[in-house]
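Okay, here's what each chain looks like letter by letter:
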Amino acid sequence: MIALNDNWTFRQAGKGNWLPATVPGTVHTDLMANHKIPDPYFRMQEEEVQWVDKVDWEYRCTFQVSEEFLEYDAINLECLGLDTYADVYVNEKLVILADNFFVAWEKEVKPYLKSGENKLRIFFHSPITVGLQALAKNKYGLPATNDQSERGGLGDKLVSVFLRKPGYHFGWDWGPRLVTSGVYRPIRLFGWNKARLTDVYFQQDSLNDEKAQLTARCEVESLVDHEGLIEIWHGDTLLASQEIAMLKGKNEFHLPFEIYTPRLWWTHDLGKANLYNLTARISYQRKPVNEISHKIGLRTIKIIQTPDDKGSSFHFELNGRVIFAKGANYIPNDMFIPRVGPEKYRNIIRSTVEANMNMLRIWGGGFYENDLFYELCNEMGVMVWQDFMFACSMYPGDPAFLRSVEEEAEYNVKRLRNHPCLALWCGNNEIDIAWAQHNEFLGWGWKQQYTLAQRREIWNAYDTIFHKLLPTVVGAHHPGMFYWPSSPFNIVGKHARSDTPNGDIHYWGVWHSEHPFSAYYEHIGRFMSEYGFQSFPEFKTVKTYALPEDWNIESTVMAAHQRSGIGNLRIRSYMQQNYQVPTDFEQFLYVGQLLQAEGIKMAIEAHRAAMPYCMGSLYWQINDVWPVASWSSMDYYQRWKALHYFVKKAFARNITAALVKDGKLRISIISDDLQAREGELRMRLLDFSGQVLWKKDTSLQLPENTALLALELPLAEICDLATTRKTVLVVNLYANGKLLHRNPVYLASAKDLNLPRKVAIDKKVSPNQDGFLIRLSAQQLVKNVFLDFGDEVDGFFSDNYFDVLPGETVEVVFKPAKKGLELKAGGLKLLSLGDTLR
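Note that the structure is predicted; figures quoted are calculated from it, not measured.

This brings us to helix α5 (residues 399-416). Helix length check: α5, at 18 residues, gives a terminal C-alpha distance of 26 Å against a target of 26 Å (1.5 Å per residue), a fit within 8%. Within α5 the residues assigned to the buried category are F401, L402, S404, V405, E408, A409, N412, V413, K414, R415 and L416. Those residues of α5 hidden inside the fold are in contact with β13 (195-207), β14 (211-222), α4 (371-380), β25 (383-387), β26 (422-426) and α7 (452-477).

What follows is the structure, encoded as structure tokens:
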């Protein structure tokens with residue numbers, strides 16, 4: 001194998017000097033590396049690079065081929081990711097015409113190679129030029145709500161829908177418009193003789209405690225008619241073998257085999273994510289010539305939709321156990337995909353697990369993720385809801401487009417189907433509710449913009465792709481896997497709304513419709529696959545894209561790093577309702593994070609308290625593509641916001657959920673335990689100096705994998721109205737004398753609390769095996785303590801934005817990103833909600 005990663009240069013097509021390039025990479029990152037364009041993430045410099053996508057680009061490299069390598073019967077060029085419209089030349093012979101970002105491209109090129117130096121050249125056509133041509137050919141435009149065409153200098157010409165390229169490249173309501181080109185995954189040459197395995201699917205046919213029955217579906221390409229042998233191995237154990245007669249061209253062989261006493265794959269919260277490393281090997285004349293290995297997991301995943309008196313259930317069942325899906329929506333980690341290295345992938349999946357999540361939804365406006373993402377989910381026990389790459393747009397239905405979509409779907413279904421983490425294939429994001437074919441008065445106003453003939457044509461394309469083509473591909477190549485046409489989706493002929501009792505729901509009444517956070521308790525579906533609220537990143541991150549003169553939420557730079565048009569002012573509006581609004585910029589960012597965290601915490605608690613009616617809660621969103629104000633719980637640099645810390649506690653195995661409404665306090669107990677057990681609820685009303693004003697202990701039975709309403713009390717039974725402003729109700733859940741969950745509940749809004757100010761906090765910092773142990777204590781309540789060692793010290797706090805109760809000591813571990821640091825208590829910055837009060 002020859003990796004073609006070195007000696008690359010690039011230039012604007014037919015113009016200028018050839019400059020050094022990095023492969024895998026993008027045009028934008030190569031231009032930045034050569035100081036030809038500024039960093040588009042800084043301030044408003046995105047505007048200065050919009051010309052890049054409107055010209056063509058060329059890449060080339062030279063590579064050596066030995067006489068020995070040329071002795072292979074066949075030599076293939078494999079391009080795992082070309083972005084997007086690319087003509088590939090080997091020694092000036094055109095070998096590949098690429099037109100889809102989402103597939104790999106491969107061509108037999110031995111006839112064009114020579115001993116010694118060879119040349120590879122790739123001509124990237126401007127995606128905008130290609131898109132404008134497709135738009136003109138279509139006669140009329142198609143809806144694409146998030147295509148920032150005006151920012152790109154295209155006026156109202158929305159070209160993204162005509163290109164099989166990530167939609168988010170053209171902008172979204174959390175991301176910039178940076179339409180890339182380039183080689184975004186590796187390129188290589190490989191040689192082979194006689195025959196080779198091109199694909200292997202270890203299909204699970206049946207599974208019980210005694211054995212798993214599987215079939216190895218092996219696809220083989222042969223250069224000649226001949227006989228051979230296929231074997232299936234698990235380590236040194238031969239599981240199956242079969243003599244085969246291959247014909248020239250493509251062949252498929254099925255080898256049944258069994259694994260006895262199978263170790264099942266579980267999500268991390270239910271058990272161990274057991275994996276089997278299986279290898280399919282093909283031999284000719286008893287000599288191995290080619291093999292493919294996959295790590296698989298033995299498990300059953302089902303989506304259960306059972307009719308009941310309200311509608312139909314919608315929940316996941318893993319290995320026969322009903323599971324509440326706890327997680328988030330996931331978008332790409334960068335506008336420039338090759339910049340995302342292994343450690344960033346590990347950190348985001350690790351952060352998913354540490355926050356007690358068991359599912360991520362790969363959203364349909366990005367791309368089918370790199371193999372490493374799924375491998376990490378396999379290893380760490382995280383289920384994946386996988387969208388096909390269609391979002392918030394209508395798409396053409398001409399034969400060429402449909403053919404490209406079918407090839408894309410087949411390629412990615414076959415690429416991903418061996419991963420045990422994969423739990424569902426979903427056709428698209430939000431298109432069913434946006435077009436709303438079955439109700440003239442619903443939708444986003446799209447269909448009313450077209451003639452009846454155009455509407456029929458547009459809907460026919462949608463129906464063909466999402467109700468026929470994609471489910472057919474899934475059924476053929478991933479049999480038994482659940483396909484869901486769109487998210488959200490109700491039932492055939494009806495569309496999802498904020499209260500439909502079937503399917504999944506995206507609830508955006510909080511934020512877009514300015515509903516209060518308490519509305520999360522009123523709009524609950526069977527599976528909440530989207531909901532969210534925005535915040536700014538922490539000040540350290542804002543400083544990476546804004547100068548001091550920009551430190552105002554209404555500045556042009558802060559507005560440019562906010563792609564939801566209502567965003568910054570919407571955050572302030574909600575803050576005015578819930579908090580005293582700080583005048584200091586850094587404190588405003590901090591309170592904004594608390595606002596987001598408290599709101600989404602309430603949503604998660606509402607969803608979990610509605611078990612078993614509601615059996616899934618995936619907030620929008622876990623990550624960011626650039627430094628920005630957004631709905632994320634981790635910013636672009638993967639710094640946990642307050643939300644991620646709150647999510648960790650709200651998704652814990654056993655929790656309490658408190659709702660104060662209409663003069664009453666309602667406490668629910670939620671448990672993911674698979675067996676009921678005895679427990680105790682201990683509640684203490686403390687004033688801000690720690691004096692106990694009221695208490696109540698209640699023995700109860702922790703429920704089995706569900707929720708129960710533990711008690712409901714009039715607030716007047718606990719304290720009077722004035723007292724709610726200067727007290728905290730500490731709700732502790734115990735089992736067998738062990739504290740399972742602590743929930744500090746405030747009976748008044750944060751803006752009405754008479755919080756202590758300038759509280760003396762005792763802080764100690766000492767080295768330990770994980771980094772540094774921090775101990776904090778105070779004699780008065782300190783609400784929402786934010787810890788930071790300053791701009792020069794990055795790292796991870798095991799907890800943050802937490803309350804320090806009077807008289808108690810809180811311990812937090814800090815793991816610095818760099819080793820060898822000497823950190824002292826004097827260098828630890830503390831910020832609390834009381835510090836922001838005027």
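Under the counting rule described, the total for this entry stands at four cavities of 30 Å³ or more. Estimated volume of the largest cavity: approximately 150 Å³. Forming the walls of the largest cavity are 20 residues, and the residues nearest its centre are K165, P166, G167, A391 and Y395. There is about 50 Å³ of room inside the second largest cavity.

Turning next to the packing of aromatic side chains. A complete count under the given rule lists 61 aromatic pairs for this structure. Their ring planes at 45° and their centres at 4.7 Å tell us that Y330 and F373 sit as a pair that is tilted. Taken as a pair, Y330 in strand β23 (residues 325-330) and F373 in helix α4 lie far apart in primary sequence, 43 residues in all. Y330 sits in the buried class, given a relative accessible area of 2%.

Moving on: the sheet that holds β14. Spatially, the three strands line up as an open sheet ordered β13-β14-β17, and their pairing is antiparallel. Pairing within the sheet leaves two strands with one partner each, and these edge strands are β13 and β17 (249-260). The average angle at which neighbouring strand axes cross in this sheet is 20°, direction not considered. With eleven bridges connecting them, β13 and β14 associate as antiparallel partners. Within the sheet, the bridge partner assigned to V200 lies in β14 and is C218.

Turning next to the side chain of H226. Note on placement: H226 falls in strand β15 (residues 226-234). On the basis of relative accessible area, H226 is assigned to the buried category, the value being 11%.

Our focus in this paragraph is the pairing of strand β33 (residues 677-687). Note: β33 against strand β34 (residues 692-702), ten bridges, orientation antiparallel. Within the sheet, the bridge partner assigned to E680 lies in β34 and is S699. In this structure, the hairpin formed by β33 and β34 is closed by a connection of four residues, where G690 is found at a positive phi of approximately 100°. One ladder, built from eight bridges, connects β33 with strand β36 (residues 727-735); its direction is antiparallel. Bridge pairing in β36 links R684 to V730.

Definitions and cut-offs
Residues numbered from 1 in each chain as written. Predicted model: local features only at pLDDT ≥ 70, side-chain atom pairs only at ≥ 80, totals over all residues. Heavy atoms only, no water. Helix = DSSP H or I, 4+ residues; strand = E, 2+ residues; numbered from the N terminus. Expected span 1.5 Å × (residues − 1). Buried < 20%, exposed > 50% of the residue type's maximum accessible area, 1.4 Å probe, protein only. Contact = heavy atoms within 4.5 Å. 1 Å grid on protein atoms, 1.4 Å probe; cavity = no way out; pocket = protein on both sides within 12 Å on 5 of 7 lines; lining within 4 Å. Points joined across faces, edges and corners; volume = space filled by probe spheres on them. Phe/Tyr/Trp six-rings, centres within 6.5 Å; stacked < 30°, edge-to-face > 60°. Pairing = 2+ DSSP bridges. Axes fitted to C-alpha atoms, helices over the stretch in contact; angles between N-to-C directions.

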